[in-house]
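# Inside the fold
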Amino acid sequence: MNASQLSRRKFLTLTGVAGGAAMLAACSPPTPAGEQPAASVGEAAGAPDTEPVTIVAKAWPGSPFETESIQAAIDRFREEYPHYTVDWQTEPQAYGQKVLTQIAAGTPPDTMYAGSADFFSWVIQGVLLDITAYVDAHEGFSQPTYWTHYEEELKRCTWEGHWYGLGSCWVCPHLYTNLDAFEAAGIEPPSNHPGEAWTWDEFLTVATALTLDGNGNHPGDSGFDPDDIQQHGVQWPTWFIPLHAAVGSNGGQYTAPAPDGRILFDSSEAMEAIQQVADLVNVHQVAPHGAFFSEIGMNNLEALGSGRLAMIADGSWNVLRIQPLDFNFGTGVLPYMQTPYTDIQAHNQVMAAGGRQPEATWEFVAFLSGDFYQKTMCAGGLWLPTHTSLATPEGIASWLNDDVHPPGYETIALDYVNAYGRTMYMGPGFNEANQIVASALDAVWIGDAQATDVVPGSVQEANQVIEDWKNRS
């Protein structure tokens, strides 16, 4: 089934739009027996204003499925708050820069997406509203038991003990597999269970067995032709989320925890992990070089579906993107060097410090952060849940979708994420600093340098950028 082209009837079934009033109760945190629902901040200050209010929301554009999902959420929100109108604006180019420009001009959106690489920089610049009072007054969000991974939620949403956003969901990198390729090779595919994750050596053995040249030879075989590889065993992208997963699995860190934020790629553990990823291409010959996909005219998911790749290590959001390809795919947890590990990230829903109607905006932000919207996006294969209400057997049944998710996927979405998922602190200046290191690593990915040759100097330069940001604040 193509999740990005759901029929209207199927979409309404997933979102609950056709579910009537009974589903409305599921959008709010449960009230303990014998207690009355806690008032929101707006309610505590008196009855909400019933004058017409327009809430301006800013986001980057998504897939057709995301567009339908947000429209369904806005429609449901308006059923509950008929005097509120949501002006949902998308910005396809230079999103973060344009949001800051709009704020500087004195016309900020009321609420917006804050990417994980921008969030703390925006906090330091004073453009986000401190929403701690709203969170503390909310019966669900204020409780650690509301969240499946509370400590990581605090790390990505709070600064110096104050809340400045609510996490939209979790996403994480894991393995995707072409199950036909595994069957042809007589190899058991990877497990979704973190307790059965491959070691890095086991992973290399499998990737080698799945790499075939035009004559059916594997790397290391006599006569193997690296210039005629018809099926690569794996692809491991080298941008910060998949790379963080590899570094973390080797006992290293990408960045120092808050409030430090320095890039730590110059540790021996991090440099070893970086080199192991590069060696997949340049030493073991089981992964394609960077120009491979442009040469064959496919992206990595298309290459996986066509049999040019047997595995990829990529983000969980691709469960949605893989649907139109219609091939026999599976998933599995990532291999590890020292310990199972995956990166967990996602954007935060935030409120602008200069927003004109914070009470109304909070009602919308709280609604988007409830079960209704999250389980819709989970059901389509884009998000992973962060609410314990969606981790119960009944909750899992509300979003796990046989037409979208492979068997056992809930184990990745919950057990793997909650036991081994860690968010990376991307503090003020991260984008600029990370680009310095990423540019230096280009020589490592193509085999012209070793990680130990280029990482220490680039990290020193990058961390000076982060120090300069600290001095600005």
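Numbering of residues starts from 1 in every chain and runs along the sequence as written. Given that the model is predicted, a residue must reach a pLDDT of at least 70 before its local features are reported, and side-chain atom pairs must reach 80 or more before they are shown or counted; all residues, however, enter totals for whole chains, interfaces and linings. With hydrogens and water stripped out, all remaining heavy atoms of the structure feed into the side-chain values.

All right, on to the overall build of the protein chain then. Counting from the N terminus, the helices are the DSSP runs of H or I reaching at least four residues and the strands are the DSSP runs of E reaching at least two. Each helix and strand counted, the protein chain has 21 helices and 14 strands in total. Three exposure classes are used, based on accessible area relative to the maximum for each residue type with a 1.4 Å probe and protein chains only: buried under 20%, partly exposed in between, and exposed over 50%. By the burial criterion, 55% of the 473 residues in the protein chain qualify as buried. For this analysis, residues touch if any pair of their heavy atoms sits within 4.5 Å. Sequence-distant contacts in the protein chain: of pairs separated by 6 or more residues, those separated by 24 or more amount to 75%. In short, Shrake-Rupley with a 1.4 Å probe defines the accessible areas, and a residue's cover is counted only from the protein chains shown. For the protein chain, the exposed surface amounts to about 19300 Å²; the carbon and sulfur share of it is 49%.

The alternating pattern of strand 13 (residues 348-351) places Asn348 and Val350 on one face and Gln349 and Met351 on the opposite face, and all of these are buried. What makes two strands pair is DSSP finding at least two bridges between them. For strand 3 (residues 111-114) and strand 13, the ladder comprises 4 bridges, and the chain directions are antiparallel. Counterpart to alanine 114 in the pairing with strand 13 is asparagine 348. Pairing geometry for strand 6 (residues 166-167) and strand 13, over 2 bridges, is antiparallel.

The strand order 10-7-11 describes an open sheet built from 3 strands, whose pairing is antiparallel. Across the chains shown, the open sheet's two edge strands, defined by having one partner strand only, are strand 10 (311-315) and strand 11 (329-332). Sheet twist, expressed as the mean angle between neighbouring strand axes with direction ignored, is 35 degrees. Here strand 7 (residues 173-178) runs beside strand 10; their pairing, made up of 5 bridges, is antiparallel. Among the inter-strand pairings, histidine 174 is bridged to a residue of strand 10, identified as aspartate 314. Interaxial angles span 0 to 180 degrees and are taken between N-to-C directions of axes, which are lines fitted to C-alpha atoms, for helices over the stretch in contact.

Turning to the nonpolar core, a few remarks are in order. Among the nonpolar cores identified, the biggest contains 128 residues, and Phe265, Met311 and Leu441 are the most heavily contacted of them. For this core, the leading source of residues is helix 21 (residues 451-472), giving 8 residues. Think of a nonpolar core as a cluster: buried Ala, Val, Leu, Ile, Met, Phe, Trp, Tyr and Cys residues, connected wherever their side-chain atoms sit within 4.5 Å. Within the second largest apolar cluster, 14 residues are counted, among which are Val135, Trp147, Cys157 and Trp362.

If you trace the backbone, glycine 307 turns up in the loop between helix 14 (300-306) and strand 10. Placed 20 residues apart in sequence, glycine 307 and phenylalanine 327 show a C-alpha to C-alpha distance of 9.8 Å. Ignoring any residue separated from it by four or fewer positions in sequence, one finds glycine 307 in contact with Asn178, Gln230 and Gln231.

Interaxial distance between helix 20 (residues 430-445) and helix 21 falls to 8 Å at its minimum, and their mutual angle equals 170 degrees. Accordingly, the angle class assigned to the pair helix 20 and helix 21 is roughly antiparallel. Across the interface between the two elements, Glu432, Ala433, Ile436, Val437, Ala440, Leu441 and Val444 of helix 20 pack against Ala451, Val454, Val455, Ser458, Val459, Glu461, Ala462, Val465, Ile466, Trp469 and Arg472 of helix 21. Residues were grouped as follows: Ala, Val, Leu, Ile, Met, Phe, Trp, Tyr, Cys and Pro as nonpolar; Asp, Glu, Lys and Arg as charged; and all remaining residues, including Gly, as polar. Split into classes, the residues belonging to the contact of helix 20 with helix 21 amount to 14 nonpolar, 1 polar and 3 charged. To sort the angles, those under 35 degrees are grouped as roughly parallel, those over 145 as roughly antiparallel, those from 65 to 115 as roughly perpendicular, and the leftovers as oblique.

Across the protein chain, pLDDT averages 90, with 89% of residues at or above 70. Scored from 0 to 100, pLDDT records how confident the predictor is in each individual residue. Note that residues 1-48 has pLDDT below 50 and, in this model, 72 contacts with residues that lie over four places away or in other chains.

With that settled, the discussion passes to the side chain of arginine 156. Among the secondary structure elements, arginine 156 is positioned in helix 8 (residues 150-157). You can call arginine 156 buried: its relative accessible area is 5%. Those residues in contact with arginine 156 that lie beyond four places of it in its chain are Phe119, Phe120, Gly167, Ser168, Cys169, Trp170, Gln345, Ala346, His347, Asn348, Thr386 and Thr423.

Here we come to the packing of helix 4 (residues 64-80) against helix 16 (residues 358-368). In the contact formed by helix 4 and helix 16, the axes pass within 11 Å of each other and the chain directions differ by 125 degrees. Comparing the axis directions of helix 4 and helix 16 gives the class oblique. Crossing hand, helix 4 versus helix 16: right-handed. On helix 16, the residues touching Ile70, Ala73, Ile74, Arg76, Phe77 and Glu80 of helix 4 are Glu363, Phe364, Phe367 and Leu368. When the near helix sits turned anticlockwise from the far one by under a right angle, the crossing is termed left-handed; a clockwise turn instead gives a right-handed crossing.

Residue position: threonine 331 is located in strand 11. Within the structure, the side chain of threonine 331 is placed 2.9 Å from the side chain of asparagine 192, a separation counted as a polar contact. In protein, a polar contact requires one atom able to donate a hydrogen and another able to accept it; more generally it is a pair of N or O atoms within 3.5 Å, and residues adjacent in sequence count only if both atoms are side-chain atoms.

What follows deals with the sheet that holds strand 13. Pairing within the open sheet is mixed, and its 5 strands lie in the order 2-1-3-13-6. Looking at strand neighbours, the two that pair on one side only are strand 2 (84-90) and strand 6, the edges of this open sheet. Relative to strand 3, strand 1 (residues 53-59) runs parallel, the two being bridged by 2 bridges. Paired with alanine 57 across the two strands is threonine 111, which belongs to strand 3. Contacting strand 1 and strand 2, helix 4 runs over the sheet at an angle of about 165 degrees to strand 2.

Once that is clear, we can look at helix 8. An α-helix turns once per 3.6 residues; consequently, residues spaced three or four apart project the same way. Along helix 8, the residues that are buried comprise Glu152, Glu153, Arg156 and Cys157. The buried side chains of helix 8 occupy one side of the element, clustering within an arc of 120 degrees when seen end-on. Buried-residue contacts for helix 8 involve helix 6 (119-124), strand 4 (158-159), strand 5 (162-163), strand 6, strand 13 and strand 14 (421-422). The arc in question is the one traced by the directions running from the helix axis out to the C-beta atoms.

This paragraph deals with unusual backbone geometry. Put simply, alanine 258 and proline 259 share a cis peptide bond, and its omega is 0 degrees. For proline 259, the position within the fold is in the loop between helix 11 (240-249) and helix 12 (268-282). Its identity as a non-glycine residue notwithstanding, alanine 94 has a phi of 50 degrees, on the positive side. Of note, alanine 94 is situated in the loop between strand 2 and helix 5 (95-104). For alanine 94, a relative accessible area of 40% corresponds to the partly exposed category. With a phi angle near 55 degrees, aspartate 326 is a residue other than glycine that sits in the positive phi range.

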